[in-house]
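# Structural features, examined
Now for the letters of each chain:
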Amino acid sequence: MSGLGATLLSSALSIVMATVLGVLLGVALTYGWIGLRLAARLYVDVLRGIPLLVLILFTYYGLALFGVNVSAFWAGVIALGGFATAHVAENFRGAVSSIPSGQMEAAKSIGLPFVNRLRYVVLPQAFRRMLPPWVNTALEIVKGTTLLSIIGVVELLLASQQAMARNYMIIDFYLFTGLVYVAINFTLSRIGARLERRFTFARS
Amino acid sequence: MIDYHFDWTVITRNAGFLADALLLGLGLAVASLAIGCLIGLLAAYARLSRWRLLSGAVWIYVELIRCIPLLLLIFFLYFGLPELGVRFLDKFETFVAALSIYAGAYMCEVFRAGLESIPRQYVEASKAIGLRPWQRQRYVVLPVMFRITLPSISNNLISLFKDTSLAAAIAVPELTFAARQINANTFRVMEAWLTASALYLLTAYAIAIALRQVERRYAAIR
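Keep in mind the model is a prediction, meaning the values are calculated, not measured.

A separate point is the UniProt feature "transmembrane region" (unreviewed entry) in chain A. Residue and element names in this part refer to chain A. UniProt records the feature "transmembrane region" (unreviewed entry) at residues 12-34, 46-66, 72-89, 138-158 and 170-188, using the numbering of this structure. Counted over residues 12-34, helix gives 91% and strand 0%. Its end C-alpha atoms are 33 Å apart. In residues 46-66, the share of helix is 86% and the share of strand is 0%. The end C-alpha atoms are 21 Å apart.

Set out below in structure tokens:
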């Protein structure tokens, strides 16, 4: 069951990458000057319009072509992370636009510079609001790691298929693998629900 | 930038192949959406039924499917079912079955929310004019519910269309499979994947625009 490690590691790396880059991209998408905003919008729309599997295969074959020799694992993480970045950016934009504009104006009027307005006023509220869609994106990522099996990363699905090839216990192994995914995702969504409950105190 | 010479003749030579693949993907998505809507509608009614056992069973179905990766479901139906003695499905039917089961869980949630959002007064009014229970559903509840849930249905169609790319994993010759084939046969990596990406993107946008028109025509009554 070394596959479970690969599944968890690739999910975690992609989620971290997507969260960091996604928030940055989300800021560009919301507050950037027009050129930056258009570029961010293009990135988000294009990546959300292409199936994840195509992105993974494209990254896997395409990166090698540009002389970047990465393993299948890293190609997959880059593709997954890039895909999720677009989703997180869109979640962030949605969260920010749901914050009353008076908040930003009030922060401006007390003379906070842009970075501080973001840091102390907008982001704390935005994070609270984007928590539910963020958990959904995380679940999508965990499920998306199964696609890495297609480019030969031995994650949970491929590991269990290899085990099946040895012992022919096909039904048992698929059911078991399914249960592991359900366990991971159910735990994640419970944690998400709990965090949500903890952070809703400030919603008026 | 490295030295890469684009050679788009690979694409023009395979245009027919790619077009067939794209249409197949669309067909798979539409078929799965239709079956998925049926499953979802039945499941939504079951979910809202007063019978605890039934609504509990549907809850488990929805939660399980939403936690299981689609690829696992496809492999389970494709490799697992024959073990259990179900051998009559070919790979297309298996894929549509998997995608429908998957879509059914999502549509169930959509329809449940839709059914719950219908004002009680509608049902009471239709009772008052003496409609039978099935007439109430047929002429009052369902039409309103479909209008309310139309945007979610079209979003689901788009994501199902993107999910048809997973059919490549069981060698259904749709767009991803076609691109992979071109990639493997000719080594024109960029051409193959750029074309596939562009086709997916354009089709998704075309569906979105077309359905936006439908939505405008049948917009929910506010």
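Let's shift gears to the confidence of the model for chain A. Scored by pLDDT, chain A comes out at a mean of 86, with 97% of its residues at no less than 70. Across chain A, element-level confidence peaks in helix 4 (residues 72-97) of chain A with a mean pLDDT of 90 and bottoms out in helix 7 (residues 156-167) of chain A with 85.

What follows is about the interface of chain B and chain A. Facing 31 residues of chain B, the contacting portion of chain A comprises 27 residues. At the level of elements, helix 3 (52-67), helix 4 (70-80), helix 8 (175-186) and helix 9 (189-217) of chain B are the ones that each hand at least two residues to the side of chain B that touches chain A. Of all the elements, helix 9 of chain B adds the most residues to the side of chain B that touches chain A, at nine residues. A class-by-class count of the residues in the side of chain B that touches chain A yields 23 nonpolar, five polar and three charged.

To continue, consider unusual backbone geometry. Unlike most non-glycine residues, Tyr168(A) shows phi in positive territory, near 60 degrees. Structurally, the position occupied by Tyr168(A) is in the loop between helix 7 and helix 8 (170-199). You will see that Ala171(B), though not glycine, has its phi angle at about 65 degrees, which is positive. Its place among the elements puts Ala171(B) in the loop between helix 7 (133-163) and helix 8.

Turning our eyes to something else, we now look at the UniProt feature "transmembrane region" (unreviewed entry) in chain B. Residues and elements named next belong to chain B. Here, the residues flagged by UniProt with the feature "transmembrane region" (unreviewed entry) are residues 22-46, 58-80, 92-111, 139-158 and 192-211. The straight-line gap between the two end C-alpha atoms of residues 22-46 is 35 Å; of that span, 100% is helix and 0% is strand. End C-alpha to end C-alpha, residues 139-158 measures 28 Å, and it is 100% helix and 0% strand.

With that settled, consider the environment of Leu175(B). Residues and elements named next belong to chain B. Mapped onto the elements, Leu175 comes out in helix 8. A tally of 30 C-beta atoms within 10 Å means that Leu175 is categorised as buried. Considered as a pair, Leu175 and Ser197 are 22 residues apart in the sequence and their alpha carbons are 9.4 Å apart. Dropping the residues within four chain positions of it, Leu175 is found in contact with Leu18, Ala21, Leu22, Gly25, Ser165, Ala196, Leu199 and Tyr200.

Turning our attention to the packing of helix 6 (residues 114-144) of chain A against helix 8 of chain A. Residues and elements named next belong to chain A. Their axes nearest at 10 Å, the elements helix 6 and helix 8 cross at an angle of 175 degrees. Here helix 8 runs roughly antiparallel to helix 6, going by the angle between their axes. On helix 8, the residues touching Arg128, Leu131, Pro132, Val135, Ala138, Leu139 and Val142 of helix 6 are Ile184, Asn185, Leu188, Ser189, Gly192, Leu195, Glu196 and Phe199. Each residue belonging to the contact of helix 6 with helix 8 can be placed in one class, and the counts come to 10 nonpolar, three polar and two charged.

Mapped onto the present numbering, the UniProt feature "domain: ABC transmembrane type-1" (unreviewed entry) falls on residues 4-192 of chain A. The annotated region residues 4-192 of chain A carries 84% helix and 0% strand content, and the separation between its end C-alpha atoms amounts to 21 Å.

Rules used throughout
- Residues numbered from 1 in each chain as written.
- Chains lettered and ligands numbered in written order.
- Predicted model: local features only at pLDDT ≥ 70, side-chain atom pairs only at ≥ 80, totals over all residues.
- UniProt positions renumbered as here; feature names shortened; annotations may be inferred.
- Helix = DSSP H or I, 4+ residues; strand = E, 2+ residues; numbered from the N terminus.
- pLDDT = per-residue confidence, 0-100.
- Contact = placed C-beta atoms within 7 Å.
- Nonpolar A, V, L, I, M, F, W, Y, C, P; charged D, E, K, R; others polar.
- Buried ≥ 20, exposed ≤ 12 C-beta atoms within 10 Å, placed from the backbone.
- Axes fitted to C-alpha atoms, helices over the stretch in contact; angles between N-to-C directions.
- Parallel < 35°, antiparallel > 145°, perpendicular 65-115°, else oblique.

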